[in-house]
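Single-letter residue listing:
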Amino acid sequence: MEPKTKRFPYWIQLTIVLCLGWIVMWVYRQSLPTVFPEMALSLQLNPNTANAQLGLIVTCFFAAYTIMQFPSGVLVDKYGQKKILIPGFLLFLIAPFIIVSTTSINMIYLASIFAGAGCGSYYSVAYSLVKDNIALKNRSLATAIINSGTGLGMAVTLIGASYIVKTAGYPWQTTMYISGAFIFVLIIAFVLIIKHKNTDDNETHNESSQAQAATQQGSSSSFSGLFSAKMISMYIIYFATCYGYYMIVTWLPTFLQTERGFKGAAIGFSAALVAISSIPAALIFSRLADKYDSKKAQFIIGLEIAATIMLFCIVLFKNETLLLVSLVLYGFLGKLAVEPILISYLGEIAPKQGYGKTLGLFNTFGIGSAIVAPPLTGFIIDTTHSQLLAFYVAVGILIFSIIAFILFGRKIVNH
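Reading the values: rules and limits
One numbering rule holds for all chains: residues counted from 1, following each sequence as written. Given that this is a predicted model, residues contribute local features only at a pLDDT of at least 70 and side-chain atom pairs are listed and counted only at 80 or more, while totals for whole chains, interfaces and linings are drawn from all residues. In computing side-chain properties, one takes all heavy atoms of the structure into account and sets aside hydrogens as well as water. Only runs of H or I of at least four residues qualify as helices and only runs of E of at least two qualify as strands under DSSP, and these elements are numbered from the N terminus. Throughout, a residue-residue contact means that at least one pair of heavy atoms, one from each residue, lies within 4.5 Å. Every accessible area reported is derived by Shrake-Rupley at a probe size of 1.4 Å, with residue values counting cover from the shown protein chains alone. The definitions used throughout rest on a 1 Å grid laid over the protein atoms alone, on which a cavity is an enclosed set of points accommodating a 1.4 Å probe that cannot get out and a pocket is an open set flanked by protein within 12 Å on both sides along at least five of seven lines; lining residues are those having an atom within 4 Å of a point. Grid points are joined across faces, edges and corners, and a volume is the space filled by probe spheres set on the points. To obtain an axis, a line is fitted to C-alpha atoms, over the contacting stretch when the element is a helix, and the angle between two such axes runs from 0 to 180 degrees between their N-to-C directions. Here the angle decides the label: under 35 degrees means roughly parallel, over 145 means roughly antiparallel, 65 to 115 means roughly perpendicular, and every other value means oblique. Left-handed describes a crossing in which the near helix is turned anticlockwise from the far one by less than a right angle; the clockwise case is right-handed. For this scheme, ten residues count as nonpolar: Ala, Val, Leu, Ile, Met, Phe, Trp, Tyr, Cys and Pro. Four count as charged, namely Asp, Glu, Lys and Arg, and the remainder, Gly too, count as polar. The definition of a nonpolar core used throughout is a set of buried Ala, Val, Leu, Ile, Met, Phe, Trp, Tyr and Cys residues joined through side-chain atoms within 4.5 Å. The buried label applies to any residue whose accessible area, calculated with a 1.4 Å probe on protein chains only, is under 20% of its type's maximum; exposed applies above 50%, and partly exposed to all values in between. Salt bridge, as applied in this entry: a Lys or Arg side-chain nitrogen positioned within 4 Å of an Asp or Glu carboxyl oxygen. Each pair of aromatic rings taken from Phe, Tyr and Trp, with Trp reduced to its six-membered ring, is defined by centres within 6.5 Å and is described as stacked if the planes are under 30 degrees apart, edge-to-face if over 60, and tilted in the remaining cases. In this count, Lys and Arg are taken as positive residues and Asp and Glu as negative ones, while His and the chain termini are left out. Each residue gets a pLDDT score, which is the predictor's confidence in that residue and runs from 0 to 100.

**A closer look at the overall build of the protein chain**
So, step 1. Helix and strand content of the protein chain: 18 helices and 0 strands.
So, step 2. In the protein chain, once contacts between residues fewer than 6 apart in sequence are set aside, the share between residues at least 24 apart is 83%.
So, step 3. As displayed, the protein chain offers around 18,000 Å² of accessible surface, 68% of which is attributable to carbon and sulfur atoms.

**A look at empty space enclosed by the protein**
So, step 1. Using the criterion set out here, one finds 3 cavities of 30 Å³ or more in the structure.
So, step 2. By volume, the largest cavity amounts to about 130 Å³.
So, step 3. Around the largest cavity, the lining is made up of 14 residues, and of these Arg29, Gln30, Pro33, Val58 and Phe62 lie nearest the centre.
So, step 4. Among the secondary structure elements, those contributing two or more residues to the lining of the largest cavity are α1 (10–34), α3 (50–67) and α11 (229–258).

**Focus: the packing of α3 against helix α6 (residues 105–119)**
So, step 1. Closest axis-to-axis distance for the α3/α6 pair is 6 Å, and the angle between their directions is 30 degrees. By the angle class used here, α3 and α6 are roughly parallel. Every pair of crossing elements has a handedness; the one defined by α3 and α6 is right-handed. The residues of α6 that touch α3, namely those facing Gln53, Leu56, Ile57, Cys60, Phe61, Ala64 and Tyr65, are Ile105, Ile108, Tyr109, Ser112, Ile113, Ala115, Gly116, Ala117 and Cys119.
So, step 2. Taken together, the residues of the contact of α3 with α6 break down into 13 nonpolar, 3 polar and no charged.

**Things to note about the nonpolar core**
So, step 1. Grouped together as the largest cluster of nonpolar side chains are 122 residues, with contacts concentrated most on Met39, Phe89 and Leu311.
So, step 2. At 17 residues, α11 tops the list of elements feeding residues into this core.

**So, the layout of surface pockets**
So, step 1. As a volume, the second largest pocket reaches approximately 350 Å³.
So, step 2. Looking at the second largest pocket, it is lined by 19 residues, and the ones nearest its centre are Pro37, Ala40, Ala50, Asn51 and Thr258.
So, step 3. Counting residues per element, the ones that place at least two in the lining of the second largest pocket are α2 (36–42), α3, α11 and α16 (355–384).
So, step 4. Residues of the lining of the second largest pocket, tallied by class, amount to 11 nonpolar, 6 polar and 2 charged.

**Quick notes on the pattern of salt bridges**
So, step 1. Taken as a whole and assessed by the stated rule, the structure comprises 1 salt bridge.
So, step 2. Of the charged contacts, one joins Lys166 and Glu38 as a salt bridge, the two residues approaching to 3.1 Å between their closest N and O atoms. Residue Lys166 is located in helix α8 (residues 136–167), and its partner Glu38 is located in helix α2; the two are separated by 128 residues in the primary sequence.
So, step 3. Judged by its relative accessible area of 17%, Lys166 is buried.

**Side note on the environment of Ala306**
So, step 1. Residue position: Ala306 is located in helix α13 (residues 296–316).
So, step 2. For the pair formed by Ala306 and Gly334, sequence separation is 28 residues and the distance between their alpha carbons is 8.0 Å.

**Focus: the side chain of Gln173**
So, step 1. Within the secondary structure, Gln173 is located in the loop between α8 and α9 (174–193).
So, step 2. Excluding anything up to four places from it in sequence, Gln173 contacts Ser42 and Val100.

**Structural notes on the packing of aromatic side chains**
So, step 1. Counted by the stated rule, this structure contains 19 aromatic pairs.
So, step 2. Seen in terms of ring centroids, Trp26 and Tyr245 are 6.4 Å apart; in terms of plane orientation they differ by 70 degrees. Their pairing is edge-to-face. Placement of the pair is Trp26 in helix α1 and Tyr245 in helix α11, with a sequence separation of 219 residues.
So, step 3. You can call Trp26 buried: its relative accessible area is 4%.
So, step 4. Classification of Tyr245 by relative accessible area gives buried; the value is 4%.

**Some thoughts on the side chain of Arg260**
So, step 1. Tracing the sequence through the fold places Arg260 in the loop between α11 and α12 (265–291).
So, step 2. The buried charged residue Arg260 lacks any salt bridge partner; its closest oppositely charged side chain belongs to Glu259, at an N-O distance of 4.7 Å.
So, step 3. Ignoring sequence-local partners within four residues, the contact set of Arg260 consists of Phe255, Ile314, Val315, Phe317, Lys318, Leu323 and Leu388.

**Re the confidence of the model for the protein chain**
So, step 1. The predicted model of the protein chain averages 83 in pLDDT, with 85% of residues at 70 or higher.
So, step 2. For the stretch residues 198–222, pLDDT sits under 50, and the model shows 31 contacts to residues farther than four places along the chain or on other chains.

**Quick word on the packing of α1 against α3**
To characterise two packed helices, one gives the angle between the axes of the helices and the distance between these axes.
So, step 1. Interhelical geometry of α1 versus α3 gives an angle of 150 degrees and a closest axis separation of 9 Å. Between α1 and α3, the angle is such that the two are roughly antiparallel. From α1, Trp22, Met25, Tyr28, Arg29, Leu32 and Pro33 reach across to α3, where they touch Ile57, Val58, Phe61, Phe62 and Tyr65.
So, step 2. Its residues assigned to classes, the contact of α1 with α3 comprises 10 nonpolar, no polar and 1 charged.

**Points about unusual backbone geometry**
So, step 1. Positioned with a positive phi, Gln44 is a non-glycine residue whose angle comes to about 55 degrees.
So, step 2. As for its placement among the helices and strands, Gln44 is situated in the loop between α2 and α3.
So, step 3. Overall, the relative accessible area of 70% leaves Gln44 in the exposed class.

**Remarks on the environment of Val165**
So, step 1. Residue position: Val165 is located in helix α8.
So, step 2. Sequence-wise, Val165 and Thr175 are 10 residues apart; in three dimensions their C-alpha atoms are separated by 8.2 Å.
So, step 3. Once residues within four sequence positions are removed from consideration, Val165 is found in contact with Val35, Glu38, Tyr170, Pro171, Trp172 and Thr175.

Next comes the structure, spelled out in structure tokens:
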């Protein structure tokens, strides 16, 4: 039986606290990009290089985050989720307090590395906790709720940080004090709520044992299947999908402020539409893809084409209403909508043994785009004094990835 309290069964408590984990991580991640213009003035950055320097903050976070993906998975398997999660978030807690106490961009880079390394274990911890403690009948619902934390965290921060700094006039560092407080409270919640692996649930225990046996059998298997044409097309389309998304979440507030004339809280609210609209989209399209299982590839192609068109429309439309509609539709049709379908389809076409390695490699391509997109976009802005070319680059990458998916994955499409 699952451990129970007087109010909620353990799996519900676990789902809520893991959702809060993504929310808090995205409160931190999104706080600084939302106030980039204010940071540039406060830190007295050179206007000719400021955007590239600011974009590098995001790169430092995601570089450390990416590097920690595989090692953290090994550590979680060896020492258990809670023993890795708590030290990681204590390291994460250091970052906001370094940022508020410095006027050096280099120290902010260091803090971002600490934050990325501290958060790097969360993916492995969260989804292994789900597998070990939540019965199969509740797992899809729990995963959907947990994943919604990314969109909620981004939306809350875009609106909140914009109001606090751009409308209420508080220093940009205020967002870091708030992030630090949230991280501290979340660590306490982790300590109090998260339990050791639940081995009493026969269903989850048997699944875990089967997974371990399969992993052992496949540990010596060849990597060749990971680099077939079909698999490469999946890596490319996931990189492209994430590239546009991370460009948007990093630079959209700046774009709305400097190139479309949005002011104050309107900047955060408008940018948050992408996150808000993505939450129901993920649930709707995942359900449709499960219902029409043989059409997953077509779902992927259709959503990617639609998201590409909406990304182009964001820069095409100067009319405020049309721009907002484009933002809503990009969120509804973009990364968070197509990602669950991509992951589900990856499980169908990937090599049957060593799926953990496949998922790790797939996720590395996605996170890798977060390392490239922010500074490259900043460099483009500094060079052209406009963000338009950066949007066109993202659109071009998406078009290339769709063509590659269709051409190299023809067997997938005809599955």
